[in-house]
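# Examination of the molecular architecture
So you can see what is in the structure, the chains are spelled out below.
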Amino acid sequence: MAIAFTQIPANLLVPGQYQEIDNSLAGETGDIKTALIVALKTKTGKAAEGVPVNVLTASAAADACGYGSPAALMAEAFLSVNKIEKLYLLPIAEPAAGTAWKKECTVKAVSAGAGSVRLLINGRGVWAAVSEGQSADKIAAAIVAACNGLENNSVEAAIDSGDNTKIIFSSLYKGACGNVNTVTVQSHAAGVSVTEGTVTAGTGVVDLSKLPQWLGSKRWNYIVFDFDDEASIKLLAEELESRYAATRQIGGRAFITLSGVPGSTTEEGSILAQAAKVNSPHICLIPRKKDDATLPCIWASRFTAAACRILADDPSANTYDTKVKGLAADGEFSFNERQKLLETGVATWRLDPMGTVLIERLVTSYTENSDGGRDTSYLDIQVVETVDAVRTYINAEAKKRFKSWKLASTEENFGAGAKVMTPGIWRSFLADLYQTVFIGQKNWCQDFESYKASLHVEVKKGSKTRLEYIHQPVLIGQFLIGAGLNQFK
């Protein structure tokens, strides 16, 4: 039996007892899951653009990316749902050339009675007190103060320079991203009215051309992406495909909110039309109703935080009815709408009796193969998650067990303890992993006999360094549908 020592030389002559310590067979094979939020920062944020920063608290995120920035809002939402995954932010600067979203409101007061004015800013309510007989300009100032006092608010308010009864609400950052902001003002004081005026859309689109460079070589298991324009999603999809490829093997999944009415695949601006342009097995699209007051970035962040907490522990887990803490909606999509959403590669959700969002089915946006035919191979996100997990586990375990081994193409008796890889040893290694770990421990796979029959291992002809193999894992599924025919007599 030939034992391969690495520290004790074969020609050692000095008497004594020597033992090497080898930890290669100890410990668990696995990794710490990371989540990355890709979103805008404001000018007050201290973090540099394009440099991922790890954050543990909402205040740290606000300090890094600016209070009221989408990145800070998303971090706060994510951490309120999930503090287990390691969270990073990738700050993106606002468009260099662009304008901010603005909305005007004018206050009028005639013999004002005591009461209040309610502001609803992106679904968050705040009140401005009104005292009896208060003038319109004082009420306007109180409304401005109430808005600007709302913590981590993406909207700021100011009195118009030419009219002290007019309020100008504006996004903290430039660009079309600010156009999702919503502000409504309602008077609850007699004699006081607030009239909504002109809304000016923000202009400018962020430059994400350096996204692949910014993502670097680190593995991001879950990405929350706050840009829903076609060009940005295409860029992300291409990078995710590259990261999933055999030469990189740092796959990850991204979550993006699409807002609007379900519509159809030919109705411009509808959710289905937006989704039809994506077609990536690594992107999960989350539908948000057009008039929902909660920002799309909050939808994506809370949804991802809830989903990845389940998938991080078990990539094949059934996520049906997973509660998304802090996310509510005014009514759910109909059965027929949800069917169409799923067919087009959009995830679906339902509501519990309290109006809280429950994940219904997490599908990827991949629906067609390269020939344009219907392809359900990556229908559920659990498929690509599990395939990625199986590959990662095999690679990690092989590196741990077989580092510095030699390779033989024949099944010689090299002696017990010899560090020589053969096709038979590799076949046994895969079969053992499949039966013991992937079926028995992880419950990721099934049908051992079918898997064992699919295994083929050989040393590439003409090579003494390359082992090639093919195997066909049979993934486990999710129990989502029970269909029965009840024929009573």
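Everything here concerns the structure above.
Residues numbered from 1 in each chain as written. Predicted model: local features only at pLDDT ≥ 70, side-chain atom pairs only at ≥ 80, totals over all residues. Heavy atoms only, no water.

## Description of the overall build of the protein
Tallying secondary structure elements over the protein gives 11 helices and 22 strands in all. Referenced to the eigenvectors of the C-alpha coordinate spread, the extents of the protein come out at roughly 100 × 80 × 40 Å. Counted over contacts in the protein with a minimum sequence separation of 6, partners at least 24 positions apart contribute 67%. The protein carries 49 positive and 52 negative side-chain charges, and their two centres are separated by 4 Å. (Helix = DSSP H or I, 4+ residues; strand = E, 2+ residues; numbered from the N terminus. Contact = heavy atoms within 4.5 Å. Lys, Arg positive; Asp, Glu negative; His and termini not counted. Charge placed at Lys NZ, Arg CZ, Asp CG, Glu CD.)

## Section: helix 7 (residues 296-313)
The terminal C-alpha atoms of helix 7, which comprises 18 residues, lie 26 Å apart, in line with the 26 Å expected from a rise of 1.5 Å per residue. With respect to burial, helix 7 is a largely interior element, 15 of its 18 residues being buried. (Expected span 1.5 Å × (residues − 1). Buried < 20%, exposed > 50% of the residue type's maximum accessible area, 1.4 Å probe, protein only.)

## With respect to the pattern of salt bridges
Per the counting criterion, the structure on display carries 23 salt bridges. With its nearest N and O atoms 3.8 Å apart, the salt bridge here joins Asp352 to Lys323. Residue Asp352 is located in the loop between strand 15 (348-351) and strand 16 (356-361), and its partner Lys323 is located in strand 14 (residues 322-328); the two are separated by 29 residues in the primary sequence. A residue is classified by how much of its surface remains accessible, and Asp352, at 15% relative accessible area, is buried. Given the relative accessible area of 51%, Lys323 is considered exposed. Glu343 serves as the salt-bridge partner of Lys340, at 3.5 Å between the closest nitrogen and oxygen. (Salt bridge = Lys/Arg side-chain N within 4 Å of Asp/Glu carboxyl O.)

## Description of the nonpolar core
When a protein is soluble and globular, its nonpolar side chains tend to lie buried together. One finds Ile37, Val38, Ile92, Ile283, Phe303 and Leu362 to be the most contacted residues of the largest nonpolar core, which totals 78 residues. The element contributing the most residues to this core is helix 7, with 11 residues. Discounting residues that sit within four places of it in the chain, Phe303 has contacts with Ile286, Val324, Leu327, Thr348, Trp349, Val357, Ile359 and Leu362. Judged by nonpolar contacts, the second largest core, of 27 residues, contains Val126, Ala140, Cys147 and Val185. (Core = buried A, V, L, I, M, F, W, Y, C linked by side-chain atoms within 4.5 Å.)

## Here we look at the sheet that holds strand 10 (residues 192-200)
Read across the open sheet, the four strands follow the order 7-8-4-10; overall the sheet is antiparallel. At either margin of the open sheet sits one strand with a lone partner, and together these are strand 7 (155-160) and strand 10. For this sheet, the mean angle separating the axes of adjacent strands, direction not counted, is 25°. As paired strands, strand 4 (residues 102-109) and strand 10 are joined by seven bridges and run antiparallel to one another. Within strand 10, the residue paired with Cys105 across the bridge is Glu196. (Pairing = 2+ DSSP bridges. Axes fitted to C-alpha atoms, helices over the stretch in contact; angles between N-to-C directions.)

## Focus on the packing of helix 2 (residues 70-81) against helix 7
Orientation of helix 2 relative to helix 7, taken along the N-to-C sense of each, is 30°, at an axis distance of 8 Å. Relative to helix 7, the element helix 2 is oriented roughly parallel. Our pair here, helix 2 against helix 7, has a crossing hand that is right-handed. For the pair helix 2 and helix 7, the contacting residues are Pro70, Leu73, Met74, Ala77, Phe78, Ser80 and Val81 in the first and Cys297, Ile298, Ser301, Arg302, Thr304, Ala305, Ala306 and Cys308 in the second. (Parallel < 35°, antiparallel > 145°, perpendicular 65-115°, else oblique. Left-handed = near helix turned anticlockwise from the far one by under 90°.)

## Side note on a nonpolar patch on the surface
Together, Leu12, Val14 and Tyr18 make up an exposed nonpolar region whose accessible area comes to about 270 Å². Tracing the backbone through its elements, the reader meets Tyr18 in the segment before strand 1 (34-40). (Patch = residues over 30% accessible without salt bridge, like charges linked within 9 Å, V, L, I, M, F, W, Y side chains within 5 Å. Areas by Shrake-Rupley, 256 points an atom, 1.4 Å probe, with all protein chains shown as cover.)

## A few points about the sheet that holds strand 1
Within the open sheet, the six strands sit side by side as 2-3-1-11-12-13. Their pairing is mixed. Looking at which strands have only one partner, the edges of the open sheet turn out to be strand 2 (53-54) and strand 13 (283-289). Of the strand pairs in this sheet, strand 1 and strand 11 (residues 222-225) are connected by four bridges, and their pairing is parallel. Bridge pairing in strand 11 links Leu36 to Ile223. Running at roughly 165° to strand 12 (residues 253-260), helix 9 (residues 381-402) makes contact with strand 11, strand 12 and strand 13 of the sheet.

## Observations regarding the side chain of Thr348
Position of Thr348 relative to the elements: it lies in strand 15. Judged by relative accessible area, which is 1%, Thr348 ranks as buried. Among the polar contacts made by the side chain of Thr348, one reaches the side chain of Glu360 at a distance of 2.8 Å. With residues up to four places along the chain from it excluded, the contact list for Thr348 reads Phe303, Arg338, Leu341, Leu342, Ile359, Glu360 and Arg361. (Polar contact = N/O pair within 3.5 Å; in protein donor to acceptor, adjacent residues only side chain to side chain.)

## Some details on the packing of aromatic side chains
A complete count under the given rule lists 16 aromatic pairs for this structure. A centroid spacing of 4.9 Å and a plane angle of 75° characterise the contact between Phe402 and Trp405, whose relative ring orientation is edge-to-face. Residue classification places Phe402 among the buried residues on the basis of a relative accessible area of 16%. Here Phe438 and Trp444 contribute two aromatic rings whose centre-to-centre distance is 5.7 Å and whose plane-to-plane angle is 20°, an arrangement assigned as stacked. A single burial state applies to Phe438 and to Trp444, both of which are buried. (Phe/Tyr/Trp six-rings, centres within 6.5 Å; stacked < 30°, edge-to-face > 60°.)

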